[in-house]
Amino acid sequence: MLNLKSSARDSKRYILVRGMRSSVEKAILEYIGVLGWAEASPVFVSESHSETVVAVNRGALTNVRAALALAKNELTILRVSGTLKGLKK
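A brief structural summary. (Residues numbered from 1 in each chain as written. Predicted model: local features only at pLDDT ≥ 70, side-chain atom pairs only at ≥ 80, totals over all residues. Heavy atoms only, no water.)

**Remarks on the sheet that holds strand β3 (residues 51-57)**
To keep it simple, the criterion reads: At least two bridges found by DSSP between two strands is the condition for calling them paired. A run of H or I in DSSP becomes a helix once it reaches four residues, and a run of E becomes a strand once it reaches two; helices and strands are each numbered from the N terminus. Axis definition: a line fitted to C-alpha atoms, over the contacting stretch in the case of helices. Angles run 0 to 180 degrees between N-to-C directions. In this analysis, two residues are considered to be in contact whenever any of their non-hydrogen atoms come within 4.5 Å of each other.
Read from one edge to the other, the open sheet built from 4 strands follows the order β2-β3-β1-β4, with strand pairing classed as antiparallel. Where the open sheet ends on each side, the last strands, each with one partner, are β2 (43-47) and β4 (76-81). Each neighbouring strand pair of the sheet contributes to a mean axis angle of 25 degrees, computed without reference to strand direction. By the bridge criterion, 7 bridges tie strand β1 (residues 12-18) to β3 in an arrangement that is antiparallel. Pairing of L16 across the sheet is with V53, part of β3. This element, helix α2 (residues 61-70), spans β1, β3 and β4 of the sheet and lies at about 5 degrees to β1.

Put into structure tokens, the structure is as follows:
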């Protein structure tokens, strides 16, 4: 597989969410739909007991944050960062 140059790669932001992966998927699809899902291109990086790390495209960050905020009492955004190392601080 050919690696892309750094200028051609999509810029990602990492979101630490208290909640399960299925709840995150459902919230994003309900709020921004399938086309918004494709624009955000979420990648689930890791899942622990009750926390999930999701990588999304930088341009769709506000839409994804709004979708997660509208999920009633299921999901809580704990932190947003540009790197995984910054997310764990």
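**Notes on the pattern of salt bridges**
Operational definition: Salt bridge, as applied in this entry: a Lys or Arg side-chain nitrogen positioned within 4 Å of an Asp or Glu carboxyl oxygen. When accessible area is computed with a 1.4 Å probe and restricted to protein chains, residues below 20% of their type maximum are described as buried, those above 50% as exposed, and intermediate ones as partly exposed.
Per the counting criterion, the structure on display carries 1 salt bridge. For E25, the salt bridge is made with R21, and the minimal N-O distance between the two is 3.0 Å. Pair noted here: E25 and R21 are both in helix α1 (residues 21-40), with a separation of 4 residues, about one helical turn. Overall, E25 belongs to the partly exposed group, its relative accessible area being 26%.

**With respect to the side chain of S23**
Short version of the rule: Nitrogen and oxygen atoms within 3.5 Å of one another constitute a polar contact, given that in protein one can donate a hydrogen and the other can accept it, and given that sequence-neighbouring residues count only through two side-chain atoms.
Counting through the fold element by element, S23 comes out in helix α1. Exposure remark for S23: the relative accessible area of 18% places this residue in the buried category. A polar atom in the side chain of S23 sits 3.4 Å from the side chain of E74. When neighbours within four sequence positions are excluded, S23 is seen to be in contact with E74 and L75.

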